[in-house]
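Here are the chains, one letter per residue:
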Amino acid sequence: MISNVQAGNAAYLQQINSKNKKEPTSVSEAKEMDKVESLKEQIQNGDYKVDTQKTAEAVAKDLI
């Protein structure tokens, strides 16, 4: 009987949480989209500069 009550409570709480749940990824997606849009504008304007030091480090790490 106790397990039935616990299962019922878990199902009830899951319904409440799913209804009130806000997507945490929506904030990061918005930030990522802003960054992508910013990069697109910089590329189109010719203002984007490749960070050769970071690129070289990333390539070196992949090779090791």
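Residues numbered from 1 in each chain as written. Predicted model: local features only at pLDDT ≥ 70, side-chain atom pairs only at ≥ 80, totals over all residues. Heavy atoms only, no water.

(A) Expanded view of the overall build of the chain. Tallying secondary structure elements over the chain gives 3 helices and 0 strands in all. The helix and strand sequence of the chain, counted from the amino end, reads α-α-α. When the accessible surface of the chain is split by element, carbon and sulfur atoms take 56% of a total near 6,300 Å². (Helix = DSSP H or I, 4+ residues; strand = E, 2+ residues; numbered from the N terminus. Areas by Shrake-Rupley, 256 points an atom, 1.4 Å probe, with all protein chains shown as cover.)

(B) Local environment of the confidence of the model for the chain. Averaged over every residue, the pLDDT of the chain is 76; residues scoring 70 or more account for 58%. Confidence scores differ between elements of the chain, with helix α1 (residues 2-20) showing the lowest mean pLDDT of 55 and helix α3 (residues 52-63) the highest of 96. (pLDDT = per-residue confidence, 0-100.)

(C) Region of the structure containing a nonpolar patch on the surface. A cluster of nonpolar residues, L39, I43, Y48 and V50, forms a patch on the protein surface that exposes about 370 Å² of accessible area. With respect to the helices, strands and loops of the structure, V50 is situated in the loop between α2 (25-45) and α3. (Patch = residues over 30% accessible without salt bridge, like charges linked within 9 Å, V, L, I, M, F, W, Y side chains within 5 Å. Salt bridge = Lys/Arg side-chain N within 4 Å of Asp/Glu carboxyl O.)

(D) The pattern of salt bridges, seen in detail. Under the defined criterion, the tally for this structure stands at 1 salt bridge. A salt bridge links K40 to E37; the nearest nitrogen and oxygen atoms lie 3.9 Å apart. Taken together, the residues K40 and E37, both in helix α2 and 3 residues apart, mark about one turn of the helix. On the accessibility criterion, K40 (44% relative accessible area) is partly exposed. (Buried < 20%, exposed > 50% of the residue type's maximum accessible area, 1.4 Å probe, protein only.)

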